[in-house]
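Structural overview for review
Letter by letter, the chains look like this.
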Amino acid sequence: LCLCLLAGGGSALLPAPLEGFPLEAKIALSRAIAARGATIGELNTVRRELSTIKGGGLAAACRAGNLVALVLSDVLGDDLEMIASGPTLVRTPTPALALRVLEELELTQHPAAQVAIALLASCPRRAMTINSIAPIARPRWRVRRMERDS
């Protein structure tokens, strides 16, 4: 059994950049995105695509018989893909969305963005699906929503 607690700030505290994209570049790019007034969704879209652990990477790497994620949401609408950039939510990578965010924020000339753009365009990540995860780690999703009593 593997227990994972995800809470506000999880995406920033769990960088794990892709090979070829140094941590310093990821930090610089995150700061540039935030400075342009990006939403948390836009920021996490880029972070997720440039990480080995976000966007289901943690779930894919987990070899425990069961992975239980306890999620404390700070994201409007409680979108599990956006909370800490979804490390326990297996999904298909969407590098085109990250590229679009960088273009819309007019960051394509930023040095760290240029490295990210080249990496995302030339080395698309292998799509992670439930079937590509080792059988012992295949998740069984059961979402339970707990709300505070008024």
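Here's what I pulled together on the structure shown here.

What counts, and where the lines are drawn
- Residues numbered from 1 in each chain as written.
- Predicted model: local features only at pLDDT ≥ 70, side-chain atom pairs only at ≥ 80, totals over all residues.
- Heavy atoms only, no water.
- Helix = DSSP H or I, 4+ residues; strand = E, 2+ residues; numbered from the N terminus.
- Contact = heavy atoms within 4.5 Å.
- Areas by Shrake-Rupley, 256 points an atom, 1.4 Å probe, with all protein chains shown as cover.
- Axes fitted to C-alpha atoms, helices over the stretch in contact; angles between N-to-C directions.
- Parallel < 35°, antiparallel > 145°, perpendicular 65-115°, else oblique.
- Left-handed = near helix turned anticlockwise from the far one by under 90°.
- Nonpolar A, V, L, I, M, F, W, Y, C, P; charged D, E, K, R; others polar.
- Salt bridge = Lys/Arg side-chain N within 4 Å of Asp/Glu carboxyl O.
- Buried < 20%, exposed > 50% of the residue type's maximum accessible area, 1.4 Å probe, protein only.
- Disulfide = S-S within 2.5 Å.
- Core = buried A, V, L, I, M, F, W, Y, C linked by side-chain atoms within 4.5 Å.

Let us look at the overall build of the protein. In terms of regular secondary structure, the protein is built from six helices and two strands. Overall, the protein shows an N-to-C arrangement of helices and strands of β-α-α-α-α-β-α-α. Residue pairs in contact within the protein that sit at least 24 positions apart in sequence constitute 80% of those at least 6 positions apart. For the protein, the accessible surface area stands at approximately 8900 Å², while carbon and sulfur atoms represent 57% of it.

Here we take up the packing of helix α2 (residues 23-35) against helix α6 (residues 111-122). Closest axis-to-axis distance for the α2/α6 pair is 8 Å, and the angle between their directions is 115 degrees. Between α2 and α6, the crossing angle belongs to the class labelled roughly perpendicular. As α2 runs across α6, the sense of the crossing is left-handed. In this structure, α2 uses Ala25, Ala28 and Leu29 to contact α6, whose residues at the interface are Ala112, Ala113 and Ala116. Within the contact of α2 with α6, the residues separate by chemical class into six nonpolar, no polar and no charged.

Here we come to the pattern of salt bridges. Within this structure, the stated rule accounts for four salt bridges. Arg91 is paired through a salt bridge with Glu81; the nearest N and O atoms lie 3.5 Å apart. Here the residue Arg91 occupies a position in the loop between β2 (67-71) and α5 (95-104), and Glu81 occupies one in the loop between β2 and α5, the gap between them amounting to ten residues. Among the residues examined, Arg91 registers a relative accessible area of 9% and is labelled buried. In this structure, Arg100 engages Glu104 in a salt bridge whose closest nitrogen and oxygen atoms are separated by 3.9 Å.

Notably, Ala16 is not glycine yet its phi reads approximately 35 degrees, a positive angle. Judged by its relative accessible area of 27%, Ala16 falls in the partly exposed class. With phi around 55 degrees, Asp78 is a residue other than glycine that occupies positive phi space. Mapped onto the fold, Asp78 is located in the loop between β2 and α5.

Moving on, we get to the side chain of Asn44. Relative to the elements of secondary structure, Asn44 occurs in helix α3 (residues 40-49). For Asn44, the residues in contact, after removing those within four places along its chain, are Ser11, Met82 and Ser85.

This brings us to the state of the cysteines. By the definition in use, this model includes zero disulfides. Note on Cys4: no disulfide assigned, nearest cysteine sulfur contributed by Cys2 at a separation of 6.5 Å. Given the relative accessible area of 12%, Cys4 is considered buried. Note on Cys62: no disulfide assigned, nearest cysteine sulfur contributed by Cys2 at a separation of 4.2 Å. For Cys62, a relative accessible area of 10% puts it in the buried group.

Turning our attention to the environment of Leu3. Among the structural elements, Leu3 can be located in strand β1 (residues 2-6). Judged by relative accessible area, which is 59%, Leu3 ranks as exposed. Linking Leu3 and Ala69, residues 66 residues apart in sequence, is a C-alpha distance of 6.0 Å.

In this structure, Phe21, Leu29, Ile33, Val46, Leu50 and Leu107 are the most contacted members of the largest nonpolar core, which totals 21 residues. Mapped onto this core, the elements with two or more residues apiece are α2, α3, α5 and α6. The element contributing the most residues to this core is α6, with five residues. Apart from the residues within four sequence positions on either side, Phe21 is in contact with Lys26, Leu29, Leu50, Ala112, Val115, Ala116 and Leu119.

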